[in-house]
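Next come the chains, spelled out residue by residue.
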Amino acid sequence: MADAVRTTALLVEEFGVAQITPVRHAVSRGAAEAGLAGQRLEDFVLAVNEIVTNAVRHAGGGGTLRMWVVDGWVVCEVADRGGGIPRERLNGAGLPPSHAISGRGLWLAKHLVDDVAVSTGRAGTIVRLSSALSV
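Computed from a predicted model, the values in this text were never measured in an experiment.

## A short note on the pattern of salt bridges
1) Next: Going through the model one piece at a time under the given rule, you end up with 2 salt bridges.
2) Next: Arginine 40 is the salt-bridge partner of aspartate 114, the closest N and O atoms lying 2.6 Å from each other. Remark: arginine 40 occurs in helix α2 (residues 38-58) and aspartate 114 occurs in the loop between α4 (105-112) and β4 (115-121); sequence separation between them is 74 residues.
3) Next: Aspartate 114 sits in the partly exposed class, given a relative accessible area of 39%.
4) Next: Two residues, arginine 128 and glutamate 77, come together in a salt bridge whose shortest N-O distance is 2.6 Å. Placement of arginine 128 in strand β5 (residues 124-132) and of glutamate 77 in strand β3 (residues 73-80) is noted, with a sequence separation of 51 residues between them.
5) Next: According to the relative accessible area criterion, arginine 128 is partly exposed, its value standing at 37%.
6) Next: Residue classification places glutamate 77 among the buried positions, given a relative accessible area of 13%.

## A word on unusual backbone geometry
1) Next: Backbone geometry places aspartate 71, a non-glycine residue, at a positive phi of 45°.
2) Next: The exposure class of aspartate 71 is exposed, given its relative accessible area of 52%.

## A short note on the packing of helix α1 (residues 20-34) against α2
1) Next: Where α1 meets α2, the closest approach of the two axes is 10 Å, and the angle between their N-to-C directions is 150°. Judged on the interaxial angle alone, α2 and α1 are roughly antiparallel. Of the two elements, α1 crosses α2, and the hand of that crossing is right-handed. Where α1 abuts α2, its residues Ile20, Arg24, Val27, Ser28, Ala31 and Ala32 lie against Leu41, Phe44, Val45, Val48, Asn49, Val52, Thr53 and Val56.
2) Next: For the contact of α1 with α2, the residue count by class is 10 nonpolar, 3 polar and 1 charged.

## A look at α4
Quick reminder: α-helices carry 3.6 residues per turn. Residues three or four places apart thus point the same way.
1) Next: Taken as a whole, α4 has its buried residues at Gly105, Leu106, Ala109 and Leu112. Axial view of α4: buried residues confined to an arc of 125°, hence all on one face.

## Remarks on the packing of α2 against α4
1) Next: Running from N to C, α2 and α4 point in directions that differ by 160°, and their axes come no closer than 9 Å. The pairing of α2 with α4 is recorded here as roughly antiparallel in orientation. Read as a crossing pair, α2 and α4 show a hand that is left-handed. For the pair α2 and α4, contact is made by Asp43, Leu46, Ala47, Glu50, Ile51 and Asn54 and by Gly105, Leu106, Leu108, Ala109 and Leu112, respectively.

## Observations concerning the nonpolar core
Soluble globular proteins tend to bury their nonpolar side chains together.
1) Next: Core analysis: the biggest nonpolar cluster contains 29 residues, and Val27, Phe44, Leu65 and Leu129 have the highest contact counts within it.
2) Next: Elements with a contribution of two residues or more to this core: β1 (7-16), α1, α2, β2 (62-70), β3, α4 and β5.
3) Next: Sorting elements by how many residues they give to this core places α2 first, with 9 residues.
4) Next: The residues touching leucine 129, leaving out its near neighbours within four places in the chain, are Phe44, Ala47, Val48, Ile51, Val74, Val75, Cys76, Ala109, Val113, Asp115 and Val116.

The rules we used
Residues numbered from 1 in each chain as written. Predicted model: local features only at pLDDT ≥ 70, side-chain atom pairs only at ≥ 80, totals over all residues. Heavy atoms only, no water. Salt bridge = Lys/Arg side-chain N within 4 Å of Asp/Glu carboxyl O. Helix = DSSP H or I, 4+ residues; strand = E, 2+ residues; numbered from the N terminus. Buried < 20%, exposed > 50% of the residue type's maximum accessible area, 1.4 Å probe, protein only. Axes fitted to C-alpha atoms, helices over the stretch in contact; angles between N-to-C directions. Parallel < 35°, antiparallel > 145°, perpendicular 65-115°, else oblique. Left-handed = near helix turned anticlockwise from the far one by under 90°. Contact = heavy atoms within 4.5 Å. Nonpolar A, V, L, I, M, F, W, Y, C, P; charged D, E, K, R; others polar. Arc of directions from axis to C-beta. Core = buried A, V, L, I, M, F, W, Y, C linked by side-chain atoms within 4.5 Å.

Spelled out as structure tokens, the structure:
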């Protein structure tokens, strides 16, 4: 018999523009309680904040955030109901040009956490951010 996966729910929140700051604070508290600390905590919170802000600005004004701990990882999933992320934003490995007024959120998130997974299409986008609790 296989070992059971140990999962702990930390946060489930609907958000819009008015909730960006309260959600960021809730993510910070939850991730700290889960065991992230120092720069890793700050990086995780910043990455989540970038993705939440993207959902508000570019994908219909809001979405749903879920955060949990599973097998030594803190995971945060941000889902929106926008029209999807353009392919060039997903595949671009480099930093957007300095004159660009947007396009850095997903790029930044990919550099701040251990893993980023994106599922996107016409019905919306789900971005899953994960950081190991011990490195």
